[in-house]
Amino acid sequence: MRCADIAMYHAKTEMQGVSIYRPEIDMHSEKRLALMSDLGRAIREDQLLLHFQPKIDVETGKTYGLEALLRWHHPELGFIPPDEFIPIAENTNLIHPMTLWVLEKSIGVCKRWRERGYELSVAVNLSVRNLLDEKLVSQVETLLRRFDFSPCMLELEITESSIMANPARAMRSLEALHGLGVAMAIDDFGTGYSSLAYLKRLPVSSLKIDSAFVTNLLLDKQDEIIVNSTINLAHNLGLCVVAEGVENEQVLARLKFLGCDKAQGYYIARPMSEELL
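Each residue is numbered by its place in its chain's sequence as written, counting from 1. With pLDDT at 70 or above as the cut-off, local features in this predicted model cover only qualifying residues; side-chain atom pairs require 80 or more to be listed or tallied, and sums for whole chains, interfaces and linings still use all residues. The side-chain values count all of the structure's non-hydrogen atoms but skip hydrogen atoms and water molecules.

Novice: Can you break down the overall build of the protein chain residue by residue, with the values?
Specialist: A helix here means a DSSP run of H or I that spans at least four residues, while a strand means a run of E at least two residues long, and both kinds are numbered starting from the N terminus. Helix and strand content of the protein chain: 12 helices and nine strands. Both definitions apply: the radius of gyration is a C-alpha atom measure, and the globule rule equals 2.2 Å times residues to the power 0.38. Whereas a compact globule of 277 residues would reach a radius of gyration of roughly 19 Å, the protein chain reaches 19 Å, a difference of no more than 12%. Its C-alpha atoms give the protein chain principal-axis dimensions of about 55 × 45 × 35 Å. Residue burial is assigned from relative accessible area. The probe radius is 1.4 Å, only protein chains are included, and a residue is buried under 20% of its type maximum, exposed over 50%, and partly exposed in between. Counting only residues that meet the buried cut, the protein chain has 47% of its 277 residues in that class. Here the contacts in the protein chain between residues at least 6 apart in sequence split such that 64% fall between residues at least 24 apart. Only the protein chains shown count as cover for residues, and the accessible areas themselves come from Shrake-Rupley with a 1.4 Å probe. Accessible area for the protein chain stands at about 14,400 Å²; split by element, carbon and sulfur atoms hold 53% of it. In the protein chain, 29 side chains carry a positive charge and 38 a negative one; their mean positions are 4 Å apart. In this analysis, two residues are considered to be in contact whenever any of their non-hydrogen atoms come within 4.5 Å of each other. Residues counted as positive are Lys and Arg, residues counted as negative are Asp and Glu, and His and the chain ends are not counted. Lys charges are placed at NZ, Arg charges at CZ, Asp charges at CG and Glu charges at CD.

Novice: How would you summarise the pairing of strand β5 (residues 154–159) if you had to cite specific residues and measurements?
Specialist: Remember that side chains alternate between the two faces of the sheet whenever the strand is regular. Burial analysis of β5 places five of its six residues in the buried class, the great majority of the element. When DSSP locates at least two bridges between a pair of strands, those strands are taken to pair. The sheet contact formed by strand β4 (residues 121–125) and β5 spans four bridges and is parallel. What sits directly across from A123, in β5, is E155. Relative to strand β6 (residues 183–189), β5 is paired through five bridges, and the arrangement is parallel. Across the sheet, the residue bridging to E155 is A183, located in β6.

Novice: I'd like a rundown of the packing of helix α11 (residues 221–236) against helix α12 (residues 249–258), residues and numbers included.
Specialist: Helix axes are fitted to C-alpha atoms over the stretch in contact, other axes to C-alpha atoms as well, and angles between N-to-C directions run from 0 to 180 degrees. Contact geometry of α11 with α12 gives a least axis separation of 10 Å together with a crossing angle of 45°. Between α11 and α12, the angle falls in the class oblique. Crossing of α11 against α12: the hand is right-handed. Within the contact between the two elements, α11 uses E224, V227, N228 and I231 and α12 uses R254, L255 and L258. Note on angle classes: values under 35 degrees are labelled roughly parallel, values over 145 roughly antiparallel, values of 65 to 115 roughly perpendicular, and the remainder oblique. Handedness of a crossing is defined here by the sense of rotation of the near helix relative to the far one, left-handed for an anticlockwise turn of less than a right angle and right-handed for a clockwise turn.

Novice: So, the environment of Q139: which residues are in play, and what are the values?
Specialist: By the element assignment, Q139 lies in helix α6 (residues 136–146). Residue class for Q139 comes out partly exposed when judged on its relative accessible area of 22%. The sequence separation of Q139 and L100 amounts to 39 residues, and the corresponding C-alpha distance is 7.7 Å.

Novice: Summarise empty space enclosed by the protein; cite the residues concerned and give the values.
Specialist: The distinction between a cavity and a pocket rests on a 1 Å grid over the protein atoms alone: a 1.4 Å probe fits inside a cavity but cannot get out, while a pocket stays open yet meets protein on both sides within 12 Å along at least five of seven lines, and a residue with an atom within 4 Å of a point counts as lining. Grid points are joined across faces, edges and corners, and a volume is the space filled by probe spheres set on the points. Applying the stated criterion across every chain yields a total of two cavities of 30 Å³ or more. In this structure, the largest cavity spans a volume of roughly 40 Å³. Together, H96, T99, L100, L103, N130, D133, L136 and Q139 line the largest cavity. Top element by residues in the lining of the largest cavity is helix α4 (residues 95–115). It accounts for four residues. The class makeup of the residues in the lining of the largest cavity is three nonpolar, four polar and one charged. Residues are sorted three ways: Asp, Glu, Lys and Arg are charged, Ala, Val, Leu, Ile, Met, Phe, Trp, Tyr, Cys and Pro are nonpolar, and all the rest, Gly among them, are polar.

Novice: Describe the layout of surface pockets, and please don't skip the residues or the numbers.
Specialist: By volume, the second largest pocket is sized at about 290 Å³. Taken together, K62, T63, Y64, L66, W113, R116, G117, Y118, E119, L120, E274 and L277 make up the full set of residues lining the second largest pocket. For the lining of the second largest pocket, the element with the most residues is strand β2 (residues 63–74), which contributes three residues. Split by residue class, the lining of the second largest pocket holds six nonpolar, two polar and four charged.

Novice: Residues and numbers for the packing of aromatic side chains, please.
Specialist: Here a ring pair, both rings aromatic, is described through the centre-centre distance and the interplanar angle of the planes. Any Phe, Tyr or Trp ring, taking Trp's six-membered ring, that has another such ring centre within 6.5 Å forms a pair; planes under 30 degrees apart are called stacked, those over 60 apart edge-to-face, and the others tilted. Within the structure shown, the criterion is met by two aromatic pairs. A ring pair is formed by F52 and W113, whose centres lie 5.1 Å apart and whose planes are at 75°; its orientation type is edge-to-face. With F52 in strand β1 (residues 48–57) and W113 in helix α4, the pair connects residues that are 61 residues apart, well separated along the chain. In terms of burial, F52 and W113 fall into one category: buried. With 5.5 Å between their ring centres and 85° between their planes, W72 and F85 make a pair best called edge-to-face. One end of the pair, W72, is in strand β2; the other, F85, is in helix α3 (residues 82–90), with 13 residues separating them in the sequence. An identical accessibility class is assigned to W72 and F85; each is buried. Any Lys NZ or Arg CZ that is within 6 Å of a ring centre and within 35 degrees of that ring's normal is treated as a charge sitting over the ring. We note K262 situated over the ring of Y64; from NZ or CZ to the ring centre the distance is 4.6 Å.

Function cannot be read off these values alone, since they describe shape.
This is how it looks when you write it as structure tokens:
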């Protein structure tokens with residue numbers, strides 16, 4: 001009965017007619033409770049790691065920025081994939097200190113790059129709960145002031161689904177962040193259900209095409225149509241387009257032909273630690 005109850009609430013949260021119980025959706029399973037406790041300690045004791053994946057200008061091939069990606073090497077369990085611990089954080093209040101930790105470390109690292117003469121920006125992902133957090137804007141403003149960091153060198157990536165969860169409230173947060181001078185991008189574009197009525201009003205500067213459409217660009221005509229249409233839509237709205245999941249030279253060449261502005265993926269560079277950059 002407990003498992004059925006958990007499945008029912010998961011179905012409601014995900015707006016699905018049916019949800020089948022799985023341990024990973026059970027916030028109170030023994031494993032998840034243990035991970036939740038350990039994750040809180042990892043955030044407090046600075047045990048998390050950041051890796052950075054370069055993003056390039058498709059036309060010139062020059063690296064213009066990097067995306068910060070969170071990693072966790074558990075002292076006993078070893079490497080824990082992000083898709084295991086990030087949902088735990090998103091379903092608890094841990095998402096707030098974790099995001100603040102990522103923002104602080106990312107801005108600090110980017111500040112060091114720029115002091116060495118590298119004109120690079122850094123991108124950080126935000127979840128739906130971050131957008132609904134009333135303290136987010138003041139926390140970002142405080143960090144920018146503390147590090148004397150140019151707001152335009154920080155990019156915040158948000159998904160379509162996080163915007164549509166509460167469009168009015170998300171819009172207020174985005175407009176306040178835009179007012180600080182922070183750049184914003186819509187991540188995983190094409191996988192959500194965003195309304196074009198909201199898209200044209202959002203204070204974002206770029207769209208990121210989800211890797212699901214980019215990876216098989218040369219093999220699936222429908223994927224190419226989606227990518228090409230997204231590039232044209234974004235450009236008509238005055239937005240820059242970033243393609244994720246570029247895994248070979250041929251895909252990169254095709255993206256260039258289609259007019260895509262920026263790209264990232266394993267062909268360009270894998271995520272790596274600050275020391276390896």
